[in-house]
Amino acid sequence: MSIITISRGSYSKGKEVTEKVCERLGYECIARDALIDASKEFNIPEIKLVRAIHDAPTILQKINYSKERYLSYLQIAMLERFQKDNVAYHGLGGHFFIKHIPHVLKVRIIADIEDRVKLEMEREGISKKEALQILKNDDNERRKWSKYLYGIDTSDPSLYDLVIHIHKITSDDAADIICHTVRLEHFKTTPESQKAVDMLLIAARVKAALMTVKPDIEVATENGTVSITVKTTEFEDEKKLRDKIETIAQRVPGVTKVEIHTEPYSL
């Protein structure tokens, strides 16, 4: 059928809405378990993956690309779940990985800050002032993360097919709206759109395999052909680098041909 991604801030009832949608549609609900999958598969402590998603980049991370590595592994875990279809993901960043796939319904759930503060106070047993500061910090970190990695703001409504304000519209109402929308013809999975997900997964696996060689490479796939763009310096042995990249990429399942394009680093 389709894939649903639900982006939400903390205490905006996004998790509750997603679970209601999955119950009504018979979809698999995914969130934190995608992190656990990535953590197990690539032997990375889960806490590092959590921080890679929620924390803004540090100077060190910008230098050694550790954040990109963790997110690359997370992307594989999520795409493997998305590949199965009939899934709904709630959390930060899910829609970034499949933003050009036609059978994905991208939803943003928002709530009034007063309602969010009240929930934070009740659940954490803290003052209104403390709750407000925590929510402001959390929202700020999420914006920094998305701007650093993708150059976009998660609060930008143009990123989504639906933006639902939880207030007069209840979580049940929101679930009804999402279930109705995802059944529209525009969001039905086709052989072509499913193949696009398959190609994204191959590209993600190739990129992850090459992380230790060139963490800033760009990878695209089409019909099993992998196109890799890599930046080089005048001090590198380009032929040796090409051979190494091609050897590693060819080992990834689904890859039939490798094309390598080099570009000089611009200062």
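Further up the page is the structure itself.
Caption draft 1: Here's a closer look at the overall build of the chain. Secondary structure assignment for the chain yields 10 helices and eight strands. In the chain, buried positions account for 46% of the 267 residues. A separation of at least 24 residues holds for 70% of the contacts in the chain among residues at least 6 apart in sequence. Approximately 14000 Å² of the chain is accessible, and the part contributed by carbon and sulfur atoms is 52%.

Caption draft 2: Quick look at the side chain of Thr221. The topology assignment puts Thr221 in strand S6 (residues 218-222). Under the relative-accessibility criterion, Thr221 is labelled buried at 17%. Of note is the side chain of Thr221, whose polar atom sits 2.6 Å from the backbone oxygen of Met199. Filtering out sequence-adjacent residues up to four positions away, Thr221 remains in contact with Met199, Leu200, Ile202, Ala203 and Val226.

Caption draft 3: Just the side chain of Asp85, in detail. Secondary-structure assignment places Asp85 in the loop between helix H5 (66-82) and strand S3 (87-90). The charged side chain of Asp85 is buried without a salt bridge, its nearest counter-charge being Lys188 at 12 Å. Ignoring any residue separated from it by four or fewer positions in sequence, one finds Asp85 in contact with Met1, Ser2, Ile3, His103, Thr189 and Gln194.

Caption draft 4: Focus on the nonpolar core. Ranked by internal contacts, the top residues of the largest apolar core, which has 23 residues, are Ile3, Met78, Leu79, Phe82 and Ile98. Within the residue set of this core, elements represented by two or more residues are H5, S3 and helix H9 (191-209). What Ile3 contacts, discounting residues up to four positions off in sequence, is Phe82, Asp85, Val87, Ile98, His103, Val104 and Leu105. Counting 20 residues, the second largest nonpolar core, distinct from the first, contains Ile6, Ala88, Ile109 and Ala174.

Caption draft 5: The arrangement of the sheet that holds strand S7 (residues 225-232) in detail. Spatially, S6-S7-S8 is the arrangement adopted by the three strands of the open sheet, whose pairing is mixed. With one partner strand each, in any of the chains shown, S6 and strand S8 (257-264) form the two edges of the open sheet. Shown here is a sheet whose adjacent strand axes are inclined to one another by a mean of 20°, direction ignored. With eight bridges connecting them, S7 and S8 associate as parallel partners. Pairing of Thr232 across the sheet is with Pro264, part of S8.

Reading the values: rules and limits
Residues numbered from 1 in each chain as written. Predicted model: local features only at pLDDT ≥ 70, side-chain atom pairs only at ≥ 80, totals over all residues. Heavy atoms only, no water. Helix = DSSP H or I, 4+ residues; strand = E, 2+ residues; numbered from the N terminus. Buried < 20%, exposed > 50% of the residue type's maximum accessible area, 1.4 Å probe, protein only. Contact = heavy atoms within 4.5 Å. Areas by Shrake-Rupley, 256 points an atom, 1.4 Å probe, with all protein chains shown as cover. Polar contact = N/O pair within 3.5 Å; in protein donor to acceptor, adjacent residues only side chain to side chain. Lys, Arg positive; Asp, Glu negative; His and termini not counted. Salt bridge = Lys/Arg side-chain N within 4 Å of Asp/Glu carboxyl O. Core = buried A, V, L, I, M, F, W, Y, C linked by side-chain atoms within 4.5 Å. Pairing = 2+ DSSP bridges. Axes fitted to C-alpha atoms, helices over the stretch in contact; angles between N-to-C directions.

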